[in-house]
Amino acid sequence: MSTPSTSGSGAVGVGASGAQGFHVRGCRSRAPTPSSGAAATPSDAATAEPTQGTEPTQGTDEPGTDVVNIDEEEVKVGNKRKLKSAVWLDFDKIEVNGKWKAKCNWCHKLLSAEGRSGTTHLRSHVASCQSRQCRKGLKQSTLKLTPNKDGTVVVDKYVFDQDVARKELALMICVHEYPLSIVDHVGFRKFCAAMQPLFKVVSRNTIRKDILDMYEMQKLSMVKNFQQEQSRIAVTTDMWTANHQKKGYMAVTVHYIDEDWNLKSFLLRFLYVPHPHTAEVISEVLHEVLMDWRIEKKVSTVTLDNCSTNDNVMKELKDKMPISSLMLKGRLMHMRCAAHIINLIVKDGMSKMVDGIARVRETIGFWSATPKRHERFDKSVAQEGIDYEKKIALDVKTRWNSTYLMLCTALNYIPVFDRLAKKEKLCALFLPTTEDWDFARQLCDRLKLFYDVTELLSGTSYVTANLFFPKVCGIYLAIKKWHNSNNSNIEVMAADMKEKFLKYWTDVHGLMAVAVVLDPRYKMKFLYAMFTEIYGAGAMAEEVKKVKDLLVDLVKEYQGSMEGFGATDAVGAASSSNTIQNEGDAAVFDIFDSYLSSEPVVPSNYVSTELDLYLEEEMLPRTMKLDIINWWNVAGVKYPTLRKIARDIMAIPVTTVASESVFSTSGRVISPNRSRLAPKMVEALMCMQAWSRADMLGHGSPDINTLWTCLEDEEETMDELESDIIDP
C-alpha cells in the first residue's frame, strides 16, 4: 500500500496499486463522536460529509466488512454500556436493516458487530485505517533544514511524534515556569495548530500527569547513575517557608565530579517538611533523602548555615549514617557556610559603626523619601555635571552589604548634598560633616574586601575549595592591619571582627587547608607562610603538622578504599579558578612571595610516600587562571591516591548558596496564583527545571546554554535594580 500524502485541502488518497482501490476522504470525514473518546474540532465539523454513496470494499481480508448506503430512518444506535473492549472507542455500534454494525468513527466503514463476529477484525481495521492515521499523526518523513555554525545547511528527515512533542511540552513548562493552564489557553492552542496541525494539545490534568511521570522516570535513572559514580558526593541543604502556602520546604543540592571530570552541581530534592522544624525532624528527612537516592555511603560533607539547630542536626545525622563509610569516619562531615561566617564577622564590626554614619544615612533617607525630593536631587546632579548612573537609596540596617552599597553610591554625590543643604533648611539639620564623609570613605574601603569575597562565594560560577583558604587568610591579615588605623572607630570595628574571626577559624581551616595543599601552585609552603603570620613562628610548625597529619590520614584511608579499582577516569574539563585580586589577596601573596624567597628548611618525619613525591615536585607558577580540576585529571595521573582525594575535596562547596538560590526560583513557582500546587507537583517542577539546567536529562545543546546565560543576565539585572532601590 502506498504512503498517504497530504494536500492543502486536507484530502488523503490511497493509490490504485493498494488492496483498497477506492478513494477515501479521510481528513474530510467527521471526527470521532464524543462517545468515541476523541474531541471534534470546528474544522472537522465543517468538512464532515455523509457516508452515502460509499463503494463496497474490494479485496479486503477483514471478516464481516460491509459498506452500504444508509438511510437515517434505518439506523439505530446500540447500547454502549455493554461494550467493554477498548476497540469500541474507535467505533459506534448501530443497527442497519436489522443487523448490528460497527461504524468506524474515522472512515465510516461498516463492519459486522454481531455477537459471533468478535472484535479481532475491528482491531485489524483500526491498525490499517488510513483516516485514523491521518488524524493520529502520520509517520511520514518530511525534510528538516538545520543550519550549521559555518553557514552551511544540513538536510535531514523529520518524523512527527505525538509522544515526543508531549514530553517536550511538559519539559518546557518546567524549564520556563509556565502555568499548567497554558495548555488550555486559546492562543496557545491556535499557535500549536499553526505550527503542527497533527499535534493534539492535551488537557491540564494530562500535562500534570506527564510532568510527574517524567520526574519519576528521570529520578530512577539518576539513582542508577549515582550507584555507578566512584567519587564522593558533597551535600548542601537549607530550609525555606513559602509565604503563600505557609509550608516549610527543604532544598537538598549535591556536588560531585563525574567520571569525565566534569563538575556537577544541581538540586536533588525540594521537599515539604512538616512542622515543627526541630533537629530531629530535619535530620530524619535529610537521612531519608540520602537513603532514597542511595548515596548515604558516598557523602563527603554536609554544608549548612551557622545556627544552633543545625549543630544538633549534624549530631543526629551522624548517628543515623554508616560511620565506617564516611570520610575519616565522619570527622569532616560538618561544613559551615563560609558566606554566613563572613556575614557574622562584618555584622559584629558594623554594630559599633551606627553612630559614625548616622548623619549620612539621615541625609540619604531625606532625599529618597518622596518622588518630589528625588526629582530635586536628580536635577541638582545634572547641574553639577555628574552622571547619575547609580540612584541613591536607603539601606536596610540589618544587611551590611546594603549599607556598603548605600555609602559607595552617596560618596559620588557629596557636592550635590552640600548644595541642596544650603537650599533646604530641614536637610541642614543633619548635613554630614567632612569627618563624616571621611569616615564613610574609610568604612567603604574596609567593607569592599568582604563584599568582593561574598560576591565570589555567592556568584553563579562554582568556587572550588582551594580558592577559599587564601581569601580567608586575606581577611585576617586585613583585619590585623586595621588595628593600626588612626580612626578609633575603625580600631574598635577591627577588634570585634578579629574576635569573631578566631571563633570560626578552627571550623574552616582544616579541610580547606588540605584543599590549598592540593593546589600545585601553593602546596605546604603556603601554609608555612600564612601560619607564621597568623600563629607566629613558634606555633607555626605544630599547626602545619595538624594539616599534614589530616592529609596523611586521608591518603591512608583512600589507599585502602582504592584496592580493586581501576583507572576509569576520562579526560575532561571543569571549573576555572579565575578570580579578582583585592586588598587581602595582595597582602596574602606578598607574604607568600617573601617566604618563597627565603625558603626555610622544615624537617619532616614522614616516610617517602606518594604525598611526599607530590610535595617535593616543583610548584607551578602562580596564575589565577589555573583549572585545578582539569590539572588533577591530566597531570595528576602519577599520583592516583591524591588524584582521587582531590576529586572529592575540590567538589565540596564552602557555602549553602546553591541551596539558597533555589528559593528565588521557588518563590516564582509557588506564586500567589499557584499557591494551591501540591508539594509533590512543586518538587517535580523545581527538580525538572534544575536537572535540565544542569544537563542531567541527556539532551543538552548550545541553545540551552545560551538560554541560561540570558536568564542569568536577567537575574543579575534584577539584582542591580534591587540594590539601587532597597525597600526600607
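About the criteria used
Residues numbered from 1 in each chain as written. Predicted model: local features only at pLDDT ≥ 70, side-chain atom pairs only at ≥ 80, totals over all residues. Heavy atoms only, no water. Helix = DSSP H or I, 4+ residues; strand = E, 2+ residues; numbered from the N terminus. Buried < 20%, exposed > 50% of the residue type's maximum accessible area, 1.4 Å probe, protein only. Contact = heavy atoms within 4.5 Å. Areas by Shrake-Rupley, 256 points an atom, 1.4 Å probe, with all protein chains shown as cover. Arc of directions from axis to C-beta. Pairing = 2+ DSSP bridges. Axes fitted to C-alpha atoms, helices over the stretch in contact; angles between N-to-C directions. Parallel < 35°, antiparallel > 145°, perpendicular 65-115°, else oblique. Left-handed = near helix turned anticlockwise from the far one by under 90°. Nonpolar A, V, L, I, M, F, W, Y, C, P; charged D, E, K, R; others polar. Polar contact = N/O pair within 3.5 Å; in protein donor to acceptor, adjacent residues only side chain to side chain. Phe/Tyr/Trp six-rings, centres within 6.5 Å; stacked < 30°, edge-to-face > 60°.

A. Examining the overall build of the protein chain more closely. Within the protein chain one finds 26 helices and 11 strands. Out of the 728 residues belonging to the protein chain, those deemed buried represent 48%. In the protein chain, of all internal contacts separated by at least 6 residues, the share reaching a separation of at least 24 is 69%. Element-wise, carbon and sulfur atoms account for 52% of the exposed surface of the protein chain, whose accessible area totals about 36,300 Å².

B. Spotlight on helix H2 (residues 120–128). If you check which residues of H2 are buried, you get His121, Leu122, His125 and Val126. Projected down its long axis, H2 carries its buried residues within an arc of 145 degrees, all on one side. Exposed positions of H2 whose direction lies more than 90 degrees from the buried face are Thr120 and Ala127.

C. Main features of the pairing of strand S10 (residues 299–304). S10 sits mainly inside the fold: six of its six residues count as buried. Here strand S7 (residues 233–242) pairs with S10 via three bridges, running parallel. When the bridges of S10 are listed, Val235 appears paired with Val302. Note: S10 against strand S11 (residues 334–336), three bridges, orientation parallel.

D. Region of interest: the packing of helix H12 (residues 400–410) against helix H15 (residues 434–458). For the pair H12 and H15, interaxial distance at closest approach is 9 Å and the crossing angle is 130 degrees. By the angle between their axes, H12 is oblique relative to H15. When you trace H12 past H15, the crossing you get is left-handed. For the pair H12 and H15, contact is made by Trp400, Asn401, Tyr404, Leu405, Leu407, Cys408 and Ala410 and by Trp437, Ala440, Leu443, Cys444, Leu447, Lys448, Phe450, Tyr451 and Thr454, respectively. Partitioning the contact of H12 with H15 into residue classes produces 13 nonpolar, two polar and one charged.

E. Expanded view of the environment of Leu518. Considering the arrangement of structural elements, one finds Leu518 in the loop between helix H17 (488–517) and helix H18 (523–535). On the accessibility criterion, Leu518 (0% relative accessible area) is buried. Sequence separation between Leu518 and Ile645 is 127 residues, and the spatial gap between their C-alpha atoms is 8.9 Å. Once residues within four sequence positions are removed from consideration, Leu518 is found in contact with Tyr614, Ile628, Trp632, Leu642, Ile645, Ala646, Ile649 and Met650.

F. Representation of the sheet that holds S11 in the model. Taken in spatial order, the five strands of this open sheet run S9-S8-S7-S10-S11, and their pairing is mixed. Of all strands in the sheet, those bounded by a partner on one side alone are strand S9 (263–273) and S11. Adjacent strand axes in the sheet meet at a mean angle of 25 degrees when their direction is disregarded. Pairing of strand S8 (residues 247–257) with S9 involves 10 bridges; the strand directions are antiparallel. By the bridge assignment for S9, Met250 is matched with Leu271. Against the sheet, helix H25 (residues 679–693) makes contact with S8 and S9, and its axis sits at roughly 175 degrees relative to S9, the strand it touches most.

G. Quick peek at the environment of Trp691. Structurally, the position occupied by Trp691 is in helix H25. For the pair Trp691 and Gln218, spaced 473 residues apart in the sequence, the C-alpha separation amounts to 9.1 Å. A polar atom in the side chain of Trp691 sits 2.7 Å from the backbone oxygen of Leu267.

H. Looking closely at the packing of aromatic side chains. Enumeration over the complete set of coordinates arrives at 30 aromatic pairs. Look at Phe469 and Phe526: their rings are 6.2 Å apart centre to centre, the planes differ by 65 degrees, and that puts the pair in the edge-to-face class. Highlighted residues: Phe469 in helix H16 (residues 468–482) and Phe526 in helix H18, separated in sequence by 57 residues. As far as burial versus exposure is concerned, Phe469 and Phe526 are alike and both buried.

I. Here's a closer look at helix H10 (residues 358–367). Across the 10 residues of H10, seven count as buried, placing the element largely inside the fold. What H10 keeps buried is the set Val360, Arg361, Thr363, Ile364, Gly365, Phe366 and Trp367. Of the surrounding elements, those touching the buried residues of H10 are helix H11 (371–383), H12, helix H13 (414–423), helix H14 (425–428) and H15.

J. Local environment of the packing of H10 against H12. Where H10 contacts H12, the two axes come as close as 11 Å, and the packing angle between them is 75 degrees. In terms of orientation, H10 lies roughly perpendicular with respect to H12. In contact with Val360, Arg361 and Ile364 of H10, H12 contributes Thr403, Met406, Leu407 and Ala410.

K. Spatial organisation of unusual backbone geometry. The omega torsion of the bond from His275 to Pro276 falls at 0 degrees, within 30 degrees of zero and hence cis. Mapped onto the fold, Pro276 is located in the loop between S9 and helix H7 (279–292). With a phi angle near 50 degrees, Leu328 is a residue other than glycine that sits in the positive phi range. Residue placement: Leu328 occurs in the loop between helix H8 (308–320) and S11. The exposure class of Leu328 is buried, given its relative accessible area of 8%.

Honestly, that's just the spatial picture; any functional story needs more than this.
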